[in-house]
Amino acid sequence: MPQTSREQRLAAAVGRAMLAQDNASRALGMVLEEVGPGQARMRMMVRDDMINGHDLCHGGLIFALADSSLAFACNARNRITVVAAAEIQFISPARMGETLLAVARERASAGRSGIYDVEVTDAATGRLVALLRGRAQRIDGNIVDEAVP
C-alpha cells in the first residue's frame, strides 16, 4: 500500500519523539536513519565496550539494535505498540569497528497484533549478521498529537 506524504510525516514525527525519550538506544549510539509506516532502519557502530570474551559483539547488543528498529517500525503509525515476543537467529559475528544496520519491516498486521522481520547486516559489506522475528501488540494511546501538517 503506497504511503501518503501525511503518513510519512506522521511516522517521522513519531520517530523523533520516540528517539528523544529512548535513553537506551541513544546510549548505545543507535541512529535512526529512516522510519515509515511499518518500517524503520537504524544503525549502530560496534564499540570496544560492546565486545564479549570472544572478541565479538555481545549478542544481547545485536538483539537490542534489532529490537529498537522493530519498536520504531511498529510504532510509526502513531499507535503505542510494545514488542510482546521476539526470536533472533545469529548468522555471523560482528566485530569492533563494524557498523551494523537493522532494517525492520512489517510482515502482517491484524487487529492489535503485528508480525515484523528485522535483518541486521554489516553496513559496509551487506553480510547478514542476524535475523529477528517479533510480534508486536498495540495498546491504547498515541505517541504524538495527530495534528501533523
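As a convention, each chain's residues are numbered from 1 in the sequence order in which they are written. Owing to the predicted nature of the model, reporting of local features is limited to residues with pLDDT of at least 70; listing and counting of side-chain atom pairs is limited to 80 or more, with chain, interface and lining totals taken over all residues. For side-chain calculations, the full set of non-hydrogen atoms in the structure is used, while hydrogens and water are omitted.

**Structural notes on the overall build of the protein**
Secondary structure summary: the protein contains three helices and six strands in total. Scanning the protein from its N terminus toward the C terminus, one meets helices and strands in the order α-α-β-β-α-β-β-β-β. Whereas a compact globule of 149 residues would reach a radius of gyration of roughly 15 Å, the protein reaches 15 Å, a difference of no more than 12%. Dimensions along the principal axes, computed over C-alpha positions, put the protein at roughly 50 × 25 × 25 Å. Under the scheme applied here, a residue whose accessible area is under 20% of the maximum for its type counts as buried, over 50% as exposed, and between as partly exposed, the area being computed with a 1.4 Å probe on protein chains only. When each of the 149 residues of the protein is scored for burial, the buried share is 38%. Going along the chain from the N terminus, every DSSP run of H or I of four or more residues is numbered as a helix, and every run of E of two or more is numbered as a strand. Only C-alpha atoms enter the radius of gyration, while the globule expectation follows 2.2 Å times N to the 0.38, with N the number of residues.

**Some thoughts on helix H1 (residues 5-21)**
Helical periodicity: at 3.6 residues per turn, an α-helix aligns residues three or four positions apart in one direction. Taking 1.5 Å per residue as the helical rise, H1 with its 17 residues ought to reach 24 Å, and the 25 Å between its terminal C-alpha atoms agrees with that figure. Looking at H1, one finds that the buried residues are Leu10, Ala11, Ala13, Val14, Gly15 and Met18. Expected helix span is computed as 1.5 Å times (number of residues minus one).

**Thoughts on the side chain of asparagine 78**
Assignment of secondary structure puts asparagine 78 in the loop between helix H3 (59-75) and strand S3 (81-90). Of the residues examined, asparagine 78 reaches a relative accessible area of 0% and is grouped as buried. A contact between two residues is defined here by any heavy atoms of the two lying within 4.5 Å. Look past the residues within four positions of asparagine 78 in its chain and what remains in contact with it is Leu10, Val14, Gly141, Asn142, Ile143, Val144 and Glu146.

**What to know about the pattern of salt bridges**
Think of a salt bridge as a Lys or Arg side-chain nitrogen and an Asp or Glu carboxyl oxygen that are within 4 Å of each other. Taken as a whole and assessed by the stated rule, the structure comprises 10 salt bridges. The partner of arginine 41 in a salt bridge is glutamate 34, and the shortest N-O contact between them spans 3.2 Å. Residue aspartate 140 pairs with arginine 112 through a salt bridge whose shortest N-O separation is 3.1 Å. Taken together, the positions of aspartate 140 in the segment after strand S6 (128-138) and arginine 112 in the loop between strand S4 (99-110) and strand S5 (113-122) put the pair 28 residues apart, joining distant regions of the chain. A relative accessible area of 61% places aspartate 140 in the exposed class. Counted as one network, the salt bridges with shared partners bring together Glu33, Glu34, Arg41 and Arg43.

**Concerning the sheet that holds strand S1 (residues 31-36)**
What makes two strands pair is DSSP finding at least two bridges between them. One open sheet accounts for six strands, arranged S1-S2-S4-S5-S6-S3; its pairing is antiparallel. With one partner strand each, in any of the chains shown, S1 and S3 form the two edges of the open sheet. Going across the sheet, the axis of each strand differs from the next one's by a mean of 20°, ignoring polarity. Here S3 pairs with S6 via nine bridges, running antiparallel. Within S6, the position partnered with valine 82 by the bridge is glutamine 137. Packing against the sheet, H3 makes contact with S1, strand S2 (39-45), S3, S4, S5 and S6, and its axis sits at approximately 150° to S2. Axes here mean lines fitted to C-alpha atoms, for a helix over just the part in contact, with angles spanning 0 to 180 degrees between N-to-C directions.

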